[in-house]
Amino acid sequence: MSVLPLVFTSGWASGINAYAVVLLLGVFGATGLTDEVPEALQRPDVLIAAGVLFLCEAVADKIPYVDSVWDSVHTVVRPVSGAVVAALLAGQSGSLPELAAGAVGGSTALMSHLVKAGTRMAVNTSPEPFSNIALSTAEDLGVAGIITFALFHPVAAAVVAAVLLVLGLAILGFLAHRIRRFLRRRAQRREEKRLAAAARPPSG
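Rules of the game
Residues numbered from 1 in each chain as written. Predicted model: local features only at pLDDT ≥ 70, side-chain atom pairs only at ≥ 80, totals over all residues. Heavy atoms only, no water. Helix = DSSP H or I, 4+ residues; strand = E, 2+ residues; numbered from the N terminus. Expected span 1.5 Å × (residues − 1). Buried < 20%, exposed > 50% of the residue type's maximum accessible area, 1.4 Å probe, protein only. Arc of directions from axis to C-beta. Contact = heavy atoms within 4.5 Å. Salt bridge = Lys/Arg side-chain N within 4 Å of Asp/Glu carboxyl O. Axes fitted to C-alpha atoms, helices over the stretch in contact; angles between N-to-C directions. Left-handed = near helix turned anticlockwise from the far one by under 90°. Patch = residues over 30% accessible without salt bridge, like charges linked within 9 Å, V, L, I, M, F, W, Y side chains within 5 Å. Areas by Shrake-Rupley, 256 points an atom, 1.4 Å probe, with all protein chains shown as cover. Lys, Arg positive; Asp, Glu negative; His and termini not counted. Charge placed at Lys NZ, Arg CZ, Asp CG, Glu CD. Polar contact = N/O pair within 3.5 Å; in protein donor to acceptor, adjacent residues only side chain to side chain.

Draft legend 1. Region of the structure containing helix 6 (residues 154–174). Taking 1.5 Å of rise per residue, the 21 residues of helix 6 would be expected to cover 30 Å, and the 30 Å separating its terminal C-alpha atoms lies within 8% of that figure. Along helix 6, the residues that are buried comprise P154, A157, A158, A161, L165, G168 and L172. One side of helix 6 carries all its buried residues, which in axial view fall inside an arc of 100°. In helix 6, those exposed residues whose orientation departs by more than 90 degrees from the buried face are V166, G173 and F174. Residues of helix 6 that are buried sit in contact with helix 1 (4–30), helix 4 (98–123), helix 5 (130–152) and helix 7 (176–199).

Draft legend 2. The arrangement of the environment of P129 in detail. Looking at where P129 falls in the secondary structure, it is placed in the loop between helix 4 and helix 5. Note on P129: relative accessible area 32%, which makes it partly exposed.

Draft legend 3. Fine view of the pattern of salt bridges. Following the criterion strictly, the structure yields ten salt bridges and no others. K62 is the partner of D140 in a salt bridge, and the nearest nitrogen-oxygen pair spans 3.3 Å. Placement of the pair is D140 in helix 5 and K62 in the loop between helix 2 (44–60) and helix 3 (66–93), with a sequence separation of 78 residues. For K62, a relative accessible area of 21% corresponds to the partly exposed category.

Draft legend 4. The arrangement of the packing of helix 1 against helix 4 in detail. Where helix 1 contacts helix 4, the axes come no closer than 7 Å and their chain directions differ by 35°. The handedness of the crossing between helix 1 and helix 4 is right-handed. Here L4, V7, F8, G11, W12, S14, G15 and I16 of helix 1 come into contact with helix 4, specifically with A101, V104, G105, T108, A109, S112, H113 and K116.

Draft legend 5. View of the environment of Y65. The residue Y65 is located in the loop between helix 2 and helix 3 in this model. When the C-alpha positions of Y65 and A103 are compared, they lie 30 Å apart, and in sequence the two are 38 residues distant. Those residues in contact with Y65 that lie beyond four places of it in its chain are N124, F182, R185 and R189.

Draft legend 6. Region of interest: a positive patch on the surface. A surface patch of like charges, here positive, comprises R178, R180, R181, R184, R185, R189, R190 and K193. For R178, the location among the structural elements is in helix 7. Exposure remark for R178: the relative accessible area of 33% places this residue in the partly exposed category.

Draft legend 7. Quick peek at the side chain of Q42. Summarising the element assignment, Q42 is placed in the loop between helix 1 and helix 2. What makes Q42 buried here is its relative accessible area of 17%. There is a polar contact of 2.9 Å between the side chain of Q42 and the backbone oxygen of V37. Those residues in contact with Q42 that lie beyond four places of it in its chain are G26, G29, A30, V37 and L47.

If you want it as structure tokens, here you go:
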């Protein structure tokens, strides 16, 4: 069977939490639960790095505003990770050109990342932190569940990932007004800080 469904699903999941995808795939491969995972993802140094970064993301992703900063930094990281994982998976199976797989994985990761980052901006318009924690936990569990499902039922998992991606894009469009308001407020705060710093008398 073509590796395309697994490539698509891993790309979607990488846009949500790239480190969790690498860690889960590596652990599943290293423990012998599946032979679909390339050796490069099973290396101890890769697993350790992915584990440490996953823990960092698990904390940063649950703190209001910090999560949006983290998302901004990962606008490049997540699509690149999705493309690399997809290319490795394609090279492992030989059923899909690596360049095409990388394009699918990277573009899917970029779209799901934009959905995640935009949704977080909307959530951050609420003053309480509990929605961030709940959403982040749901994302982590969702990534773990769909990657596990994809290794054993790739086509069904790809369908689920596609539905979630379409729903996410629809929700993002609905929340666009709140996101624009969040961006305006953040720009206003930065301007107020800049003016306060300029008005402060020089020391000494």
